[in-house]
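# Architecture at a glance
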Amino acid sequence: MATFGIFSNEKKETLDKGLEKTKESVFKKLSRVVVGKSKVDDEVLDNLEEVLISSDVGVNTTLKIIKRIEERVSNEKYLGTSELNIILKEEIASLLEENNSENIDLSFSSSNGPYVIMVVGVNGVGKTTTIGKLAHQFKQLGKNVYLGAADTFRAAAVDQLTIWADRVGVPIVKQGMGSDPASVAFDTLTSAKANNADIVIIDTAGRLHNKVNLMNELGKIKKVMQKVISDAPHEILLILDGSTGQNAFEQAKQFTNVTDVTALALTKLDGTAKGGVAIGISDQFKIPVKYIGIGEGIEDLQIFNKKEFVDSLFSK
Ligand SMILES: Nc1nc2c(ncn2[C@@H]2O[C@H](COP(=O)(O)OP(=O)(O)OP(=O)(O)O)[C@@H](O)[C@H]2O)c(=O)[nH]1
Ligand SMILES: [Mg+2]
């Protein structure tokens, strides 16, 4: 059976399919911009600006893109609207390349035991699902993965992660509902270290950035983990629901202000026309978008490759 993993050849097909709704919407809007126009003029640019903003690219990033296209128009004198797709693709790709530069490589380095990823975000954004998908991908890479059920807030949360652990075939460390999440994290790291695990992924309860006690809890989990592995967590992965568009943007802003987020994952890009948000978030934040979720299935997670993403978005 074909696998649609982060490294597989079928990746592009899955990405194209996952971005279908966004592509459809962007193309429909773009075709309206150029109808009856042969040349990229001010009116085309104005309308293009609207298309990008209404595609959730975000105002700041949209203005940057429009400025670049304006410059090209004035340099190249005559730019036909038939080339607009290509120009747009090129300019967005090069804009994104200028930021947090490198595409992600999956090398983990931890001096002192397993590489620890703590997963955070607001309720329902896809934290637990992303953990399941990640565990699966890492396992396929031959890594020894441990999961920690530090979302002890709801009974169902532990059950949900347990289902993923069983599906993927990796160990999970858990305590009862209502137990101290920091204690679960401590147990998980202790077990993982004793068993020479390569990667530990810690699930946490959904929380809002402005709930002070819940945000403090993250700090406590971190501190307790460091008793086992002094430089843990090596990654704090903030999960954002891409289908919420500008809301995801806001969450990224607020969360990164109060926690040391090191990477972002954008979920639910399938089934939404708001996929443009990946462009804006990737442009506006220094913290890299590392993963994208493009479906509910175990294989539906990819490493975010900026160039491939833009190519997919603007290819018919
Ligand atoms: N279509 C789609 N659905 C997704 C994706 N990622 C997660 N979901 C769905 O989103 C819903 C919520 O996912 P969870 O993983 O439970 O989210 P969570 O952040 O752990 O939620 P809490 O633990 O309640 O805070 C589930 O129905 C998932 O199947 C994705 O990339 N695409
Ligand atoms: Mg969860």
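As a reminder, the structure under discussion sits directly above these lines.
Summarised in this report is the structure supplied together with it. Since the structure is predicted, the reported quantities are computational estimates derived from the model, not experimental observations.

Cut-offs and rules
Residues numbered from 1 in each chain as written. Chains lettered and ligands numbered in written order. Predicted model: local features only at pLDDT ≥ 70, side-chain atom pairs only at ≥ 80, totals over all residues. Heavy atoms only, no water. Pairing = 2+ DSSP bridges. Helix = DSSP H or I, 4+ residues; strand = E, 2+ residues; numbered from the N terminus. Core = buried A, V, L, I, M, F, W, Y, C linked by side-chain atoms within 4.5 Å. Buried < 20%, exposed > 50% of the residue type's maximum accessible area, 1.4 Å probe, protein only. Domains from an automatic or database assignment. Contact = heavy atoms within 4.5 Å. Near = heavy atom within 4 Å. Polar contact = N/O pair within 3.5 Å; in protein donor to acceptor, adjacent residues only side chain to side chain. 1 Å grid on protein atoms, 1.4 Å probe; cavity = no way out; pocket = protein on both sides within 12 Å on 5 of 7 lines; lining within 4 Å. Sits in = over half its atoms within 2 Å of the grid points. Nonpolar A, V, L, I, M, F, W, Y, C, P; charged D, E, K, R; others polar.

The strands making up a sheet associate through hydrogen bonds between their backbones, and the pairing can be parallel or antiparallel. The sheet built from eight strands is open, its strands ordered 3-2-4-1-5-6-7-8 with mixed pairing. Each edge of the open sheet carries a strand with a single partner, namely strand 3 (172–173) and strand 8 (301–303). Two elements, strand 6 (residues 263–267) and strand 7 (residues 289–293), share three bridges in a ladder whose sense is parallel. By the bridge assignment for strand 7, Ala265 is matched with Tyr291.

So, about the nonpolar core. Ile201, Ile281 and Phe309 are the most contacted members of the largest nonpolar core, which has 99 residues in total. Residue contributions to this core peak at seven residues, all from helix 5 (residues 84–98). Counting contributing residues, this core receives three or more from each of domain 1 (11–98) and domain 2 (115–306). Excluding its chain neighbours within four sequence positions, the residues that come into contact with Phe309 are Leu15, Leu19, Leu269, Gly275, Ala278, Ile279, Ile292 and Phe304.

This part covers the site of ligand 1. Every one of the 18 residues lining ligand 1 counts as a neighbour, but Lys127, Thr128, Thr129, Asp270 and Glu296 are closest to it. For ligand 1, an oxygen atom lies 3.2 Å from a polar atom in the backbone of Val125. Residue Lys133 places a side-chain N or O atom 3.4 Å away from an oxygen atom belonging to ligand 1. In this structure the site holding ligand 1 corresponds to the largest pocket. The element best represented in the shell around ligand 1 is helix 6 (residues 127–140), accounting for four residues. Here the residues of the shell around ligand 1 sort into two nonpolar, nine polar and seven charged.

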